[in-house]
Amino acid sequence: MHPRDQTIFALSSGQPPSAIALVRVSGAQAGKVVSALAGKVPSPRTATRALLRDLGQRPIDDAVVLWFPAPASATGEDVAEFYVHGGRAVLAALFATLSAFDNVRPAEPGEFTRRAFENGKLDLTEAEGLDDLIHADTDRQRRQALRQLKGLLGDKARDWRARIIEASALIEAGIDFSDEGDVPAELIEPALARVRGLLAEIEVVLVEQGRSERLRDGLVVAIAGPPNVGKSTLMNQLARREVAIVSPHAGTTRDVIEVQLDLDGYPVTVIDTAGIRETDDPVEQEGVRRARARAVDADLVLWLTDASGAESEGNGERPVWRVRNKIDLDGADRPLAESSVGRVFRISASRGDGLSELIAAIVDFAQTCLGGGEGGLIGRTRQRKLLQETAVSLQRCIDVVGEGEELAAEELRAAAYSLGRLLGRVDVEDILDVIFREFCVGK
Ligand SMILES: Nc1nc2c(ncn2[C@@H]2O[C@H](COP(=O)(O)OP(=O)(O)OP(=O)(O)O)[C@@H](O)[C@H]2O)c(=O)[nH]1
Ligand SMILES: [K+]
Ligand SMILES: [Mg+2]
């Protein structure tokens, strides 16, 4: 039997041990499985208590069982859900029993969702939203993923695609009529008007895109500077825990240390690096090399100095904020060097002075880079690329229509194809369907 037609099962809740574990079974054998284990097939969608038994009638666990007959289930197949006690031995016994059935096997990653997609339960953008929702760490990421899961991008893409197919049908009809010396211009102009409107709408969504895409990945902030200026102390303050070793010895930090923070809903990765200086110690040299490399990749560099006030290193394009640390010590009021550009902060990392201002500024910066978290529909590069392709095809359609309607129609087909790929379903038959349904050209 093809793996696609086999029945799959998996632990759908977190890793054991846990109070309760959910094991899902999906596929044609699910009914047979549930009646063998629970002694009956429960009434659909009703929580039913049952003693689960293995194939030798030995009890496995006292469980709650749910039965979702196809097609009204998450995957569109017959689905059984077993809520058991989340112990490793319970799950091992249950899995061993499930595996003993013919054509029943453990699921591949994402296979339940894949089946749901194949059975038309969700489109590809919704499936991606589901994946993002599961992996969302911050509230803003969660809200964006939920918008995708609710199908907002999918709904728009379906609407655009339907309208492209309508415009295409108008042009195709013009082509067919033109042989008979008919009225193509009257069909082409309304088609073009639709294409222009569509293009404008898609461009609005594309403008918002960069931000929501970045919201998924988050912002990277690197703390860099000379040795011993208090970089690790600042890191620990931002993380609110002791992630990095602090000591009075210059050259304490050697590796790049990262923490993931949720700053006001924005995912921010803060990186603490080795103090940058010339050194003969090969280990420290490597630390300095890594520090420079990571600072170059960062979205924002906090260049920390103390009273000695060393100048920041040039970091190319990305903003570098100069942060004067240890203002609790003498010399802190000394003005910064004349040449300094960009924002300047004065803090005491160990005492906490100025930290709330610095954090607020980082949140502002995140908002500028990542957007307010509302309105962004595109969460992924795949989606953006396909929407860009769609826009390019629509623009070309407008550009080439003077050279011939066939060329324009071809571009519209390409645009519809890109949106079809965005939704994960490509069937050019739609175009023909609309022509036949709405125009009945000829016969
Ligand atoms: N007075 C004062 N001391 C501080 C402050 N911040 C850090 N220190 C001290 O400065 C010393 C160096 O701090 P670290 O955080 O280890 O500095 P670092 O920049 O990470 O040092 P390396 O990793 O070695 O480059 C420690 O003794 C800290 O306690 C501050 O705001 N005021
Ligand atoms: K140090
Ligand atoms: Mg350090």
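Computed from a predicted model, the values in this text were never measured in an experiment. (Residues numbered from 1 in each chain as written. Chains lettered and ligands numbered in written order. Predicted model: local features only at pLDDT ≥ 70, side-chain atom pairs only at ≥ 80, totals over all residues. Heavy atoms only, no water.)

## A word on the overall build of the protein chain
- Scanning the protein chain from terminus to terminus reveals 13 helices and 12 strands.
- Counting all 443 residues of the protein chain, 47% fall into the buried class.
- Within the protein chain, counting contacts between residues at least 6 apart in sequence, those at least 24 apart form 59% of the total. (Helix = DSSP H or I, 4+ residues; strand = E, 2+ residues; numbered from the N terminus. Buried < 20%, exposed > 50% of the residue type's maximum accessible area, 1.4 Å probe, protein only. Contact = heavy atoms within 4.5 Å.)

## Quick look at the coordination of the potassium ion (ligand 2)
- Asn 228 (OD1), Ser 247 (O), His 249 (O) and Thr 252 (OG1) make up the full set of protein donors to the potassium ion (ligand 2), lying at 2.6 to 2.9 Å.
- Each donor residue of the potassium ion (ligand 2) lies on the same chain, and together they follow the pattern N-x18-S-x1-H-x2-T.
- The distance between the potassium ion (ligand 2) and the magnesium ion (ligand 3) comes to 4.9 Å.
- Using a relative accessible area of 59% as the deciding quantity, one classes His 249 as exposed. (Donors = N, O, S within 2.8 Å, 3.2 Å for Na, K, Ca; no water.)

## Looking at the UniProt feature "binding site: (6S)-5-formyl-5,6,7,8-tetrahydrofolate" (unreviewed entry) in the protein chain
- As annotated by UniProt and renumbered to match this structure, "binding site: (6S)-5-formyl-5,6,7,8-tetrahydrofolate" (unreviewed entry) occupies Arg 24, Glu 81, Lys 121 and Lys 443.
- Assignment of secondary structure puts Lys 121 in the loop between α3 (111-118) and α4 (124-135).
- We classify Lys 121 as partly exposed; its relative accessible area is 39%.
- When neighbours within four sequence positions are excluded, Lys 121 is seen to be in contact with Pro 71, Ala 72, Ser 73, Ala 74, Thr 75, Gly 76 and Ala 116. (UniProt positions renumbered as here; feature names shortened; annotations may be inferred.)

## Notes on the nonpolar core
- Counting residues in each nonpolar core, the largest one holds 38 residues, and the members touching the most others are Ile 164, Ile 171, Leu 387, Leu 394 and Leu 412.
- Going through the elements one at a time, α6 (152-178), α7 (184-217), α11 (381-400) and α12 (405-423) are the ones with two or more residues in this core.
- With sequence-adjacent residues up to four places away left out, Leu 394 is seen in contact with Ile 164, Val 195, Leu 198, Leu 199, Ile 202, Leu 412 and Ala 415.
- Counting 33 residues, the second largest nonpolar core, distinct from the first, contains Val 229, Leu 263, Ile 347 and Leu 358. (Core = buried A, V, L, I, M, F, W, Y, C linked by side-chain atoms within 4.5 Å.)

## Things to note about the sheet that holds strand β8 (residues 257-263)
- Taken together, six strands build an open sheet; the order of strands is β8-β9-β7-β10-β11-β12 and the sheet is mixed. Strands at the two margins of the open sheet, each flanked by one partner only, are β8 and β12 (344-346). Put simply, the sheet's adjacent strands are angled 25° from each other on average, direction ignored.
- Alignment of strand β10 (residues 300-305) against strand β11 (residues 320-324), held across five bridges, turns out to be parallel. Each bridged residue has a counterpart across the sheet, and for Leu 304 the counterpart in β11 is Val 323. (Pairing = 2+ DSSP bridges. Axes fitted to C-alpha atoms, helices over the stretch in contact; angles between N-to-C directions.)

## What to know about the pairing of strand β2 (residues 18-26)
- Relative to β2, strand β1 (residues 7-11) runs antiparallel, the two being bridged by four bridges. In the sheet register, Leu 11 faces β2, and the bridge partner there is Val 23.
- What sits between β1 and β2 in their antiparallel hairpin is a turn of six residues.
- Bridge count between β2 and strand β5 (residues 79-86): eight bridges; the pairing is antiparallel.

## Regarding the packing of aromatic side chains
- Within the structure shown, the criterion is met by three aromatic pairs.
- Pairing Phe 9 with Phe 95 gives two aromatic rings, centres 5.4 Å apart and planes at 45°, and the pair type is tilted. Placement of the pair is Phe 9 in strand β1 and Phe 95 in helix α2 (residues 88-99), with a sequence separation of 86 residues.
- Look at Phe 9 and you get buried, because its relative accessible area is 3%.
- Looking at Phe 95, the relative accessible area reads 24%, which means it is partly exposed.
- Ring geometry for Trp 321 against Phe 345: centres 5.3 Å apart, planes inclined by 35°, an arrangement best described as tilted. (Phe/Tyr/Trp six-rings, centres within 6.5 Å; stacked < 30°, edge-to-face > 60°.)

## What about the environment of Leu 192?
- Locating Leu 192 in the fold gives a position in helix α7.
- Sequence separation between Leu 192 and Ala 408 is 216 residues; the distance between their C-alpha atoms is 9.5 Å.

## Quick look at the site of ligand 1
- Around ligand 1 lies a shell of 23 residues, among which Lys 231, Thr 233, Gly 251, Thr 252 and Thr 253 are the nearest.
- Side-chain polar atom of Asp 328 to a nitrogen atom of ligand 1: 2.9 Å apart, as the coordinates give it.
- Here a nitrogen atom of ligand 1 sits 3.0 Å away from a polar atom, N or O, in the side chain of Ser 350.
- Summarising the interface, the protein chains cover 87% of the accessible area of ligand 1, which totals 650 Å² for the free molecule.
- Taken together, the residues that form the shell around ligand 1 break down as seven nonpolar, 13 polar and three charged. (Near = heavy atom within 4 Å. Polar contact = N/O pair within 3.5 Å; in protein donor to acceptor, adjacent residues only side chain to side chain. Areas by Shrake-Rupley, 256 points an atom, 1.4 Å probe, with all protein chains shown as cover. Nonpolar A, V, L, I, M, F, W, Y, C, P; charged D, E, K, R; others polar.)

## What to know about the pairing of strand β9 (residues 266-272)
- Where burial is concerned, most of β9 is hidden: seven out of the seven residues are buried.
- Alternating residues of β9 divide into Tyr 266, Val 268, Val 270 and Asp 272 and Pro 267, Thr 269 and Ile 271, and every residue in both groups is buried.
- Across five bridges, the pairing between strand β7 (residues 219-224) and β9 is parallel. For Val 221, the partnering residue across the bridge sits in β9 and is Val 270.
- Note that β8 and β9 share seven bridges and pair antiparallel.

## With respect to the sheet that holds β5
- Ordered in space as β3-β4-β5-β2-β1-β6, the six strands form an open sheet in which the pairing is mixed. Sheet topology places β3 (48-53) and β6 (104-106) at the edges, where each strand pairs with a single neighbour. Adjacent strand axes in the sheet meet at a mean angle of 30°, parallel and antiparallel pairs treated alike.
- Relative to β5, strand β4 (residues 59-68) runs antiparallel, the two being bridged by five bridges. Looking at the pairing, Val 65 lines up with Phe 82 of β5.
- The sheet contacts of α3 involve β1, β2 and β6, and relative to β1 the element is tilted by about 135°.

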